[in-house]
Amino acid sequence: MGSVTYFDCNRANNHNECCVCKSFEAMFLCTHPKGPKMSYAAAGRYMKKVRRCHAARQSGDNDLRVVLKKLTADEALQYLLDGGLSKDDYLNLRLLVKSRETDIFPAYEHISTAKVKCQPSEQDMTFTDTMAEVSVQSLLNHIAQRIVEYQIDVIVQYLNENHINEVEMVLICSWGFDGSTGHSAYKQKFGTGSAEVSDENVFAITLILLRLLSGNNTVLWNNRSSQSTRFC
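What you see is a predicted model; the values in this text were computed from it and never measured. (Residues numbered from 1 in each chain as written. Predicted model: local features only at pLDDT ≥ 70, side-chain atom pairs only at ≥ 80, totals over all residues. Heavy atoms only, no water.)

Q: A description of the overall build of the protein chain should follow, citing residues and the corresponding values.
A: Scanning the protein chain from terminus to terminus reveals 7 helices and 5 strands. In the protein chain, the succession of helices and strands from N to C terminus is α-α-α-α-α-β-β-α-α-β-β-β. Each of the 232 residues in the protein chain was classed as buried or not, and the buried ones make up 23%. Looking at the protein chain alone, contacts between residues at least 24 apart form 51% of all its contacts between residues at least 6 apart. Total accessible area computed for the protein chain in this model is approximately 17,000 Å², and 52% of it derives from carbon and sulfur atoms. (Helix = DSSP H or I, 4+ residues; strand = E, 2+ residues; numbered from the N terminus. Buried < 20%, exposed > 50% of the residue type's maximum accessible area, 1.4 Å probe, protein only. Contact = heavy atoms within 4.5 Å. Areas by Shrake-Rupley, 256 points an atom, 1.4 Å probe, with all protein chains shown as cover.)

Q: Before we move on, could you go through helix H5 (residues 108-117) and cite the residues and values that matter?
A: The complete set of buried residues in H5 reads Tyr108, Ile111 and Ala114. One side of H5 holds all its buried residues, which, seen down the axis, span an arc of 105°. Along H5, the residues that are exposed and aim more than 90 degrees away from the buried face are Glu109, Val116 and Lys117. Those residues of H5 hidden inside the fold are in contact with helix H3 (73-82) and helix H4 (87-99). (Arc of directions from axis to C-beta.)

Q: Go over the pattern of salt bridges, please, and point to the residues and values.
A: Scanning the model with the defined rule gives 3 salt bridges in all. The salt bridge partner of Lys70 is Asp103, with a shortest N-O separation of 3.5 Å. Here Asp103 lies in the loop between H4 and H5 and Lys70 lies in the loop between helix H2 (40-59) and H3, a separation of 33 residues in the sequence. Classification of Lys70 by relative accessible area gives partly exposed; the value is 39%. (Salt bridge = Lys/Arg side-chain N within 4 Å of Asp/Glu carboxyl O.)

Q: Hey, could you go over the sheet that holds strand S3 (residues 169-180) for me, with residue numbers and the actual values?
A: Hydrogen bonding along the main chain pairs the strands of a sheet, whether they run parallel or antiparallel. Across the sheet, which stays open at both edges, the 3 strands sit in the order S3-S4-S5 with antiparallel pairing between neighbours. Taken across any chain shown, the strands that pair with only one partner, and hence form the sheet edges, are S3 and strand S5 (219-222). In this sheet, neighbouring strand axes are inclined to one another by 25° on average, regardless of whether the strands run parallel or antiparallel. Bridge count for strand S4 (residues 202-214) against S5 is 3 bridges, and the pairing is antiparallel. Bridge assignment links Leu212 to a residue of S5, and that residue is Trp221. (Pairing = 2+ DSSP bridges. Axes fitted to C-alpha atoms, helices over the stretch in contact; angles between N-to-C directions.)

Q: Run through the side chain of His142, naming residues and quoting values.
A: Tracing the backbone through its elements, the reader meets His142 in helix H6 (residues 136-150). Classification of His142 by relative accessible area gives buried; the value is 15%. Setting aside residues no more than four positions away along its own chain, His142 makes contact with Lys117, Cys118, Gln119 and Pro120.

Q: Can you lay out the nonpolar core for me, pointing to particular residues and giving the numbers?
A: Within the largest apolar cluster, 12 residues are counted, these being Ala76, Leu77, Leu80, Leu85, Tyr90, Leu93, Val97, Ile104, Phe105, Tyr108, Ile111 and Ala114. Contributions of two or more residues to this core are made by H3, H4 and H5. Non-local contacts of Ala76, meaning those with residues more than four positions away in its chain, are made with Leu71, Tyr90, Pro106 and Ile111. Counting residues in hydrophobic clusters, the runner-up holds 10 residues, among them Ile143, Ile155, Tyr158 and Leu220. (Core = buried A, V, L, I, M, F, W, Y, C linked by side-chain atoms within 4.5 Å.)

Q: Lay out a nonpolar patch on the surface with the relevant residues and their values.
A: Taken together, the side chains of Trp175, Phe177, Phe203 and Ile205 define a hydrophobic patch exposed on the protein surface, amounting to about 580 Å² of accessible area. Within the residue set of the nonpolar patch, elements represented by two or more residues are S3 and S4. Mapping Ile205 onto the fold places it in strand S4. (Patch = residues over 30% accessible without salt bridge, like charges linked within 9 Å, V, L, I, M, F, W, Y side chains within 5 Å.)

Q: Which residues make up H6, and what are the values?
A: With 15 residues, H6 extends 21 Å from end C-alpha to end C-alpha; this agrees with the ideal 21 Å at 1.5 Å per step. Those residues of H6 that fall on the buried side of the exposure criterion are Ser138, His142, Ile143 and Ile147. Along the long axis of H6, the arc covered by the buried residues comes to 160°, so they all point the same way. Looking at the buried side of H6, the elements it contacts are H5, S3, S4 and S5. (Expected span 1.5 Å × (residues − 1).)

Functional significance is not addressed by these values, which are geometric in nature.
This is how it looks when you write it as structure tokens:
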């Protein structure tokens, strides 16, 4: 039988420079199903930054310190959605980063709160067994408020450059509809009591954000992923 060699990284002279640990960490960041699935270049930049931070703490050299800014709840939510991460994926990633003495991801409770802020008021939404709808005016008001909050720095810069205190803006949207069939059908009865109602088919009418313009057609915000479901 062949022999198996075990490597104890705790016996290495410098755990931060242990090639075995770095190899496993790189595999997690890039290829592991529970990892963030970073590109090799992004994982390399991240690991280099972490090593510099670790070296600064070990040496106490102030000139070598690297200040990592913690992500806001909205930034973390964007990262989670862009990467298609589940709650467990995010928690595992946060624990991995914290184990490297780098706390840059907020707690998941803050992300849950940020998700709720992305929805219109519950008073303007209606849900039944067969339908979900929201008031168009309420949806537009909510969208405009969120975009202004997101682009506040750009809007303030525009006001300062034009020496004005307020600006009239135009939100350009498009709408459409689509449907899908072949979903699983269950024997659960609907509240309508009609035997013709089925959950095999879904029909949706959506509103898509395209662009936010000022009164003189200056682009204040542009949707770079107009086909993404995140902006419907």
